[in-house]
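Chain and residue survey
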Amino acid sequence: MLVIVFGAALLGVEAYLIRIEVNIDRGIAYHLVGLPDSAIRESSYRISAALKNSGFRMPGKKITINLAPADLRKEGSAYDLPMAIGILVASGQIDSSTFDKYLMVGELSLDGGLRPVRGILPIAIAARDRGFKGLILPLANSLEASVVDKLSVLGANKLSEVVQYLRFGTGLKASPATGAVVLEDIPGDDFPDFSEVKGQETAKRCLEIAAAGGHNVLMVGPPGSGKSMLAKRLPSILPTMTNAESLEVTKIHSVAGKLAENRGVLNRRPFRSPHHSISSAALLGGGAYPMPGEISLAHNGVLFLDELPEFKRGVLEVLRQPLEDRFITISRARAKATYPSSFMLVASMNPTPGGSFLGENPDLSSIRSAKRYVSKVSGPLLDRIDLQIEVQSVPYEKLSAHVGTESSQTIRQRVSRARSMQECRYKVYEYLHCNAQMKVKEIRRYCTIQTEAQGLLKQAMESLQLSARAYDRILKVSRTIADLSECEKIRTEHLAEAIQYRGMDRLWI
Ligand SMILES: Nc1ncnc2c1ncn2[C@@H]1O[C@H](COP(=O)(O)OP(=O)(O)OP(=O)(O)O)[C@@H](O)[C@H]1O
Ligand SMILES: [Mg+2]
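Rules behind the numbers
Residues numbered from 1 in each chain as written. Chains lettered and ligands numbered in written order. Predicted model: local features only at pLDDT ≥ 70, side-chain atom pairs only at ≥ 80, totals over all residues. Heavy atoms only, no water. Helix = DSSP H or I, 4+ residues; strand = E, 2+ residues; numbered from the N terminus. Contact = heavy atoms within 4.5 Å. Areas by Shrake-Rupley, 256 points an atom, 1.4 Å probe, with all protein chains shown as cover. Lys, Arg positive; Asp, Glu negative; His and termini not counted. Charge placed at Lys NZ, Arg CZ, Asp CG, Glu CD. Buried < 20%, exposed > 50% of the residue type's maximum accessible area, 1.4 Å probe, protein only. Salt bridge = Lys/Arg side-chain N within 4 Å of Asp/Glu carboxyl O. Phe/Tyr/Trp six-rings, centres within 6.5 Å; stacked < 30°, edge-to-face > 60°. Lys NZ or Arg CZ within 6 Å of the ring centre and 35° of its normal. Near = heavy atom within 4 Å. Polar contact = N/O pair within 3.5 Å; in protein donor to acceptor, adjacent residues only side chain to side chain. Nonpolar A, V, L, I, M, F, W, Y, C, P; charged D, E, K, R; others polar. Expected span 1.5 Å × (residues − 1). Arc of directions from axis to C-beta. Core = buried A, V, L, I, M, F, W, Y, C linked by side-chain atoms within 4.5 Å. Pairing = 2+ DSSP bridges. Axes fitted to C-alpha atoms, helices over the stretch in contact; angles between N-to-C directions. Parallel < 35°, antiparallel > 145°, perpendicular 65-115°, else oblique. Domains from an automatic or database assignment. Buried area = accessible area lost by both parts, 1.4 Å probe.

1. Some words on the overall build of the protein chain
Secondary structure summary: the protein chain contains 22 helices and 19 strands in total. The dimensions of the protein chain, computed from C-alpha atoms along their principal axes, are 90 × 45 × 45 Å. Within the protein chain, contacts between residues separated by at least 24 positions form 75% of all contacts whose residues are at least 6 apart in sequence. As displayed, the protein chain has an accessible area near 22000 Å², and 52% of this comes from carbon and sulfur atoms. Of the side-chain charges in the protein chain, 64 are positive and 53 negative, and the distance between the mean point of each set is 5 Å.

2. Description of the side chain of K227
Looking at the element boundaries, K227 is found in helix α8 (residues 227–232). One buried charged residue, K227, remains without a salt bridge, the closest side chain of opposite sign being E307 at 6.0 Å. Not counting chain neighbours up to four residues away, the residues in contact with K227 comprise M219, V220, G221, P222, S348, M349, N350 and V391.

3. Digging into the packing of aromatic side chains
Within this structure, the stated rule accounts for seven aromatic pairs. Both rings, one in Y426 and one in Y429, keep their centres 6.5 Å apart while their planes meet at 65°; by these two values the pair is edge-to-face. An aromatic cluster of at least three residues, connected via ring pairs, comprises Y426, Y429, Y431 and Y446. Positioned above the aromatic ring of Y431 is the side chain of K439, whose terminal nitrogen or guanidinium carbon lies 4.1 Å from the ring centre.

4. Quick look at the site of ligand 1
Around ligand 1 sit 16 residues, and of these K198, G224, K227, S228 and M229 come closest. Measuring from an oxygen atom of ligand 1, one finds a side-chain N or O atom of S228 at 2.7 Å. M229 is positioned with one of its backbone polar atoms (N or O) 2.8 Å from an oxygen atom of ligand 1. Starting from 640 Å² of accessible surface for ligand 1 in isolation, the protein chains cover 67%. Looking at the shell around ligand 1 element by element, the count peaks at three residues for α8. Split into classes, the residues belonging to the shell around ligand 1 amount to six nonpolar, six polar and four charged.

5. Some remarks on helix α17 (residues 408–425)
With 18 residues, α17 should cover 26 Å at 1.5 Å per step; its first-to-last C-alpha distance of 26 Å lies within 8% of that length. Those residues of α17 that fall on the buried side of the exposure criterion are S408, I411, R412, V415, A418, R419, Q422 and R425. The buried residues of α17 occupy an angular sector of 140° when the element is viewed end-on, so they sit on one face. At its buried positions, α17 is contacted by α7 (201–213), α9 (243–255), α18 (440–446) and α20 (468–484).

6. Focus on the environment of Q459
Summarising the element assignment, Q459 is placed in helix α19 (residues 451–463). With 419 residues separating them in the primary sequence, Q459 and I40 have C-alpha atoms 63 Å apart.

7. Describing the nonpolar core
Core analysis: the largest hydrophobic core is formed by 51 residues, its most contacted members being M219, L230, L234, V346, L387 and L495. When sequence neighbours within four positions are dropped, the list of residues in contact with M219 reads K227, L230, A231, V346, A347, S348, M349, I389 and V391. Counting residues in hydrophobic clusters, the runner-up holds 41 residues, among them L32, I40, V89 and V162.

8. A word on the pattern of salt bridges
Note on pairing: side chains with opposite charge can pair once their charged atoms come close. Under the definition given, this model contains 28 salt bridges. For R118, the salt bridge goes to E75, with nearest N and O atoms at 2.7 Å. Of this pair, R118 sits in the loop between β7 (114–115) and α4 (120–129) while E75 sits in the loop between β4 (62–68) and α3 (80–90), placing them 43 residues apart in sequence. E75 sits in the partly exposed class, given a relative accessible area of 25%. A salt bridge links E324 to R384; the nearest nitrogen and oxygen atoms lie 3.3 Å apart. Taken together, the positions of E324 in helix α13 (residues 320–325) and R384 in the loop between α15 (379–383) and β19 (387–390) put the pair 60 residues apart, joining distant regions of the chain. Through salt bridges with shared partners, a single ionic network connects E324, D383, R384, D386, R469, R473 and R502.

9. Description of the sheet that holds strand β18 (residues 344–349)
Taking strand neighbours across the sheet as the criterion, the five strands line up as β12-β15-β18-β11-β19 in an open arrangement whose pairing is parallel. Taken across any chain shown, the strands that pair with only one partner, and hence form the sheet edges, are β12 (271–272) and β19. For strand β15 (residues 302–305) and β18, the ladder comprises four bridges, and the chain directions are parallel. Its bridge partner being in β18, L305 is matched across the sheet by A347.

10. Concerning α20
Its 17 residues give α20 an end-to-end C-alpha distance of 25 Å, which sits within 8% of 24 Å, the value for a rise of 1.5 Å per residue. Among the 17 residues in α20, 14 count as buried, and that is most of the element.

11. Here we look at the side chain of K74
Along the polypeptide, K74 turns up in the loop between β4 and α3. Despite its burial, K74 pairs with no opposite charge; the closest candidate is D71, at 6.0 Å N-O. One polar contact links the side chain of K74 to the main-chain carbonyl oxygen of G34, over a distance of 2.9 Å. For K74, the contacting residues outside a window of four places in its chain are I18, G34, L35, P36, D37, I40, L67, P69 and Y79.

12. Here's the deal with the packing of α4 against α9
Contact pair α4 / α9: the axes reach a minimum separation of 7 Å and the direction vectors enclose 115°. Of the possible angle classes, the one that applies to α4 and α9 is roughly perpendicular. Side by side, α4 and α9 meet where I120, L121, P122 and I125 of the first sit next to L247, T250, K251, S254 and V255 of the second. When its residues are assigned to classes, the contact of α4 with α9 shows six nonpolar, two polar and one charged.

13. A look at the domain arrangement of the protein chain
Segmenting the protein chain into domains produces domain 1 (2–175) and domain 2 (194–508). Between the C-alpha centres of domain 1 and domain 2 there is a distance of 43 Å. Contacts between domain 1 and domain 2 engage 20 residues on the former and 23 residues on the latter. In total, about 1700 Å² of surface goes out of reach between domain 1 and domain 2, with carbon and sulfur atoms giving 67% of it. Three residues stand out in domain 1 for area buried against domain 2, namely V13, R73 and R118, and they jointly supply 30% of the buried area on that side. The tally of links from domain 1 across to domain 2 stands at one salt bridge. E14 is paired through a salt bridge with K251; the nearest N and O atoms lie 3.6 Å apart. In this structure, the connection of domain 1 to domain 2 is made through five residue pairs in polar contact (both at pLDDT 80 or more). When residues in the side of domain 1 that touches domain 2 are grouped by element, the largest group, four residues, is from α4.

Printed below as a string of structure tokens:
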């Protein structure tokens, strides 16, 4: 007898429907076809033990299972459940009229229990869009799926519970759909606070601008000046994510298998700080079956690269394309996947190999060694960093003073206001949430500057020998500075401040 059950495969951050055809015939054999990987091939052992331990048996006949479409590579253990159900129905061990109305995913353990799988959020979206009656999945995954509205999510602990539900319609309860994402306004309570950083007004202002518009930042300064300290406090001032942004982030973390069990939607902007020994594959994503890398896990959040010149040059160079395009396509022999990677790059470095800035009249050899050091970070990469600042050591008087500095909460309120203005301005664009994400067309439309400011920009371009890319980036930063002062028009002072954060690249090259 031939039966058809439905499962799903992941490609990038999207899920695709897989038809699982199970045919049982005379003879004794087990064939699995349709580009399965080794985890799926091994499923016969898991299914056989799980069936036995749930009170059923593996039919001693010729079982042929085809996963269609055959050209899409399938991987992982999420097909265990639909395959087991297909075998039970095809061998006549259970009688059900509804088994093909549901999309099913889940890994089986030998005792018949159901283990969680990755990528549930995109799978749930696919189940809803394809009009399935419901999604049957491991209980530990049900909260993640219940984010999707208009979908009945049925979480089960064991294979036997699924069987009972398919036969009699009892035993499983649909978890209430949380529908739209519930977003609380999370204060940065558990993050370290900016009030602990003494002095460093320029650096703080820069991070505020960066957080408001989603811009890239580079902090250059001697050891112990507080660069790492400042960067670690950035999450405490980042604006909350919109529903759309939360879903984008959760999808990526779901596909990467990074969501904790019983966890719904991620509503905090990610902050990723990989070590400088990271490989290009771990940073960009990769593997025989593509998986999201650090740049995609940092989507809508921050990628912090501490001690930038310590990263391998090749690793930094591969960042150039995703920094510009805000997505990454990973091609492998077996599959090709695209992941979003719209992150804020925050980097820190010392100005010289010795750590401190060059003094007043440096000798030739120290200039040479300083140049060699900073040249580890290439010009094109530097060009993509909107805000570049020197972080000087804080003098003793400031460090020991007990004057109160602004708390993260106060800064965050300003950042959030500026971000709401942007959300409102860009609500017609699906891909645009903040100023840094503007493309040329939007820059021309929303970053018009007054005539007197144009002279200033021309002068800056010439004296700092800035590139056309730097020109666009200055305009975007000016837009954010104007948003922070709640101005619809970009004024000369906004532009002047943006230019001021841009002088560093020419100093080195
Ligand atoms: N502005 C500051 N206010 C208060 N404490 C500070 C400040 N700057 C540095 N510190 C103290 O110095 C410590 C070291 O700072 P941090 O690690 O941020 O330096 P860094 O600039 O990252 O140095 P390196 O280049 O060596 O990585 C901090 O943990 C903090 O205790
Ligand atoms: Mg540091």
